[in-house]
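Descriptive analysis of the structure
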Amino acid sequence: MKFMFIVKSAHVGPPPPQLMEAVHKLADREIKAGRMLDNGGLMPLATGAQVRIIDGRLSVLDGPFVEAKEVIGGYAVFELQGKEEALASATEFMQLHKDLFPGWEGTCELRAFAPMGP
Amino acid sequence: MTAADAHRAILAVWRIEQPRLITSLARMLRDVPLAEELTQDALVAALERWPATGVPERPGAWLMATAKHRAVDHLRRRRMLERKHEMIAAEMDEEQLTMPGLDGALDDDIGDELLRLIFTACHPLLSSDARAALALRMICGLTTEEIARAFLQPEATIAQRIVRAKRTLSESGLAYETPHGAGLSERLSSVLEVVYLIFNEGYTAACGEDWLRPQLCNEALRMARVLTSIAPQEPEAHGLLALMELNASRTAARIDAAGEPILMLDQNRALWDQFQIRRGVQALERARKLGGAGGFYALQAAIIACHAEAGTAAATDWPRIAGFYAELAAAVRSPIIELNRAVAVSMAEGPAAGLAIVDHLMREPALETYHLLPSVRGDLLHRLGRHQEARTAFEAAAALAGNRREHDMLKRRAAEAAAAMSPIRSAAMAVRKSSDF
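Now for a look at the structure at hand. (Residues numbered from 1 in each chain as written. Chains lettered and ligands numbered in written order. Predicted model: local features only at pLDDT ≥ 70, side-chain atom pairs only at ≥ 80, totals over all residues. Heavy atoms only, no water.)

1. Focus on the sheet that holds strand E1 (residues 2-9) of chain A
Residues and elements named next belong to chain A. What the four strands build is an open sheet, ordered E2-E5-E1-E6; its pairing is antiparallel. Edge positions in the sheet fall to strand E2 (36-41) and strand E6 (107-112), since each of these pairs with one other strand and no more. Averaged over all adjacent pairs, the angle separating strand axes in this sheet is 20°, with direction ignored. Alignment of E1 against strand E5 (residues 71-79), held across eight bridges, turns out to be antiparallel. (Pairing = 2+ DSSP bridges. Helix = DSSP H or I, 4+ residues; strand = E, 2+ residues; numbered from the N terminus. Axes fitted to C-alpha atoms, helices over the stretch in contact; angles between N-to-C directions.)

2. Side note on the environment of Arg27(B)
Residue and element names in this part refer to chain B. Inspection of the secondary structure puts Arg27 in helix H1 (residues 3-29). Taking relative accessible area as the criterion, Arg27 reaches 36% and is therefore assigned partly exposed. Distance from Arg27 to Leu246, taken between C-alpha atoms, is 36 Å for residues 219 residues apart in sequence. (Buried < 20%, exposed > 50% of the residue type's maximum accessible area, 1.4 Å probe, protein only.)

3. Regarding the pattern of salt bridges
In this structure the tally under the stated criterion is 32 salt bridges over all chains. Residue Asp273(B) pairs with Lys2(A) through a salt bridge whose shortest N-O separation is 3.3 Å. Of the two residues, Asp273(B) sits in the loop between helix H12 (235-248) and helix H13 (274-289) while Lys2(A) sits in strand E1, which places them in two different chains. Accessibility assignment for this pair places Asp273(B) and Lys2(A) in one class, buried. (Salt bridge = Lys/Arg side-chain N within 4 Å of Asp/Glu carboxyl O.)

4. Brief notes about the environment of Ala356(B)
In this fold, Ala356(B) is placed in helix H17 (residues 351-361). Separated by 351 residues in the primary sequence, Ala356(B) and Asp5(B) place their C-alpha atoms 61 Å from one another.

5. A few points about the packing of helix H10 (residues 182-203) of chain B against H12(B)
For any two helices packed against each other, the geometry comes down to the angle between their axes and how far apart the axes lie. All names here are of chain B. H12 packs onto H10 with a crossing angle of 5° between their chain directions and a minimal axis gap of 11 Å. Regarding the angle of H10 to H12, the classification is roughly parallel. Here H10 contributes Leu192, Val195, Tyr196, Phe199 and Tyr203 to the contact with H12, which in turn contributes Glu236, Ala237, Leu240, Leu243, Met244, Asn247 and Ala248. Counted by class, the contact of H10 with H12 contains 10 nonpolar, one polar and one charged residues. (Parallel < 35°, antiparallel > 145°, perpendicular 65-115°, else oblique. Contact = heavy atoms within 4.5 Å. Nonpolar A, V, L, I, M, F, W, Y, C, P; charged D, E, K, R; others polar.)

6. Considerations on the nonpolar core
Of all hydrophobic cores here, the largest spans 137 residues; its most connected members are Leu29(B), Leu63(B), Leu136(B), Val195(B), Ile198(B) and Met244(B). If one sorts the elements of this core by residue count, H1(B) sits on top with 12 residues. Residues contacting Val195(B), with those up to four places away along its chain left out, are Ala220(B), Met223(B), Ala224(B), Leu227(B), Leu240(B) and Met244(B). Leu26(A), Phe101(A), Cys108(A) and Leu110(A) belong to the second largest nonpolar core, which has 21 residues in total. (Core = buried A, V, L, I, M, F, W, Y, C linked by side-chain atoms within 4.5 Å.)

7. Looking at H13(B)
Residue and element names in this part refer to chain B. With 16 residues, H13 extends 22 Å between its outermost C-alpha atoms, agreeing within 8% with the 22 Å of an ideal straight helix rising 1.5 Å per residue. Buried within H13 are the following residues: Gln276, Ile277, Arg279, Gly280, Val281, Ala283, Leu284 and Ala287. A side-chain oxygen of the first residue of H13 lies 3.1 Å from the backbone nitrogen of Phe275; this N-cap is Asp273. Downstream of H13 by a residue or two, Gly291 has a phi angle that is positive, lying close to 85°. (Expected span 1.5 Å × (residues − 1). Polar contact = N/O pair within 3.5 Å; in protein donor to acceptor, adjacent residues only side chain to side chain.)

In structure tokens:
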């Protein structure tokens, strides 16, 4: 089963180097274990833009977006046996944040890919 | 959380941590089967403890400490090599007092040990069934019950298979060894064979069966990704990964809503997983860069890649596919590969060229009862307008077909050929596009 992990936080600013190092090690282990298929970090929301449909009309909005609370900072795609394994994996990832980034608050949302086909 | 939920949550943590646990214990004990057994004890301890206490914050560290404890106990009991091991045991006791932190645990590079684990589980001395069961248990962390369900076997059969395999390894002195040099690639082929066997077991699973059966494909893919990361210099490991990724990319398109299989050329290509195709093509490129373009798995992957990269069935590069089949047939003498080559040649050069190869195969004793031989022959004859002969071939194929659905389809084709025997229809049929393979 394929899962996407989406990491969101209201926190701005770079994470401490120890966390980055630990996350890289974890990602390396997960890739070598054949579970992680893809991952990536995203640039700050302020550098992005949004194309919206409001009142039936297209409009383009450039960042920053004042109303944004939790912002997506990165994602990863995993091939896992099921939701339990996804939860175990996401918990391990968030435990690293808890240990190495005191004060940081955020969410790791895990979502299964919808199956293709009939 | 119900007891069953807690159980599943623990098994999930277990699957993530298990390779590191077994490899660490194997290093301590110099015995892979024993390490596996003691690691299982740690799982049993977690299953007893965690439902009451909840999963600890650092489950990996907890499992590692528990497993090492068992190993130390074991070493003490056996008093192997007396004092020397007493000292090791004392050091380990100390190590346990300072439970490793999460990021500390991530520092262990287990590559070599993991390779040893995989080579041990897939030792050529073991039957391929035993190798598959051991690999799923030791490398993928599946339980005996899960393996039994995936292979449609009673749990007791699988349990016995695993016990016997471990005993064989221990009694033959193969509990802790890593092949080097020439032995490595020979042993690797035994590993790849098992991985592919596991994949195919999952790939042939019907829709609606226990989800664990198709899951075998993912387990095989996972094992191949592990192999390519710890033995990145082995082209055939990349070749097999490519072949499996490319085959698995068609999963969603392989059956219709009623659960009936759809032939590759008739599949809806929008349902092919492009993400997976890219991974397969990348793995194939790595195999080629390592000089493995002519490998058994890489060549099969190359054939599937031709299909995967064609936007429509009509755009398929058949001459290229026929070329890969020729290479494959030169490397491995197999009448089934030759039959596939005949089909590709007929698509590339026309039915007469394909028929020449097929007629040659008619003398092959290994294919005497293989229904696809007369079935392919019937199709080629039909395309050549030789309907009387086509009908005879389809009838022969129907008589040999093992399953009802195929039998009925071949009977229909025989009837079609018979109907085409009138001169006007036969002219129309001869120019008909041949997309029936």
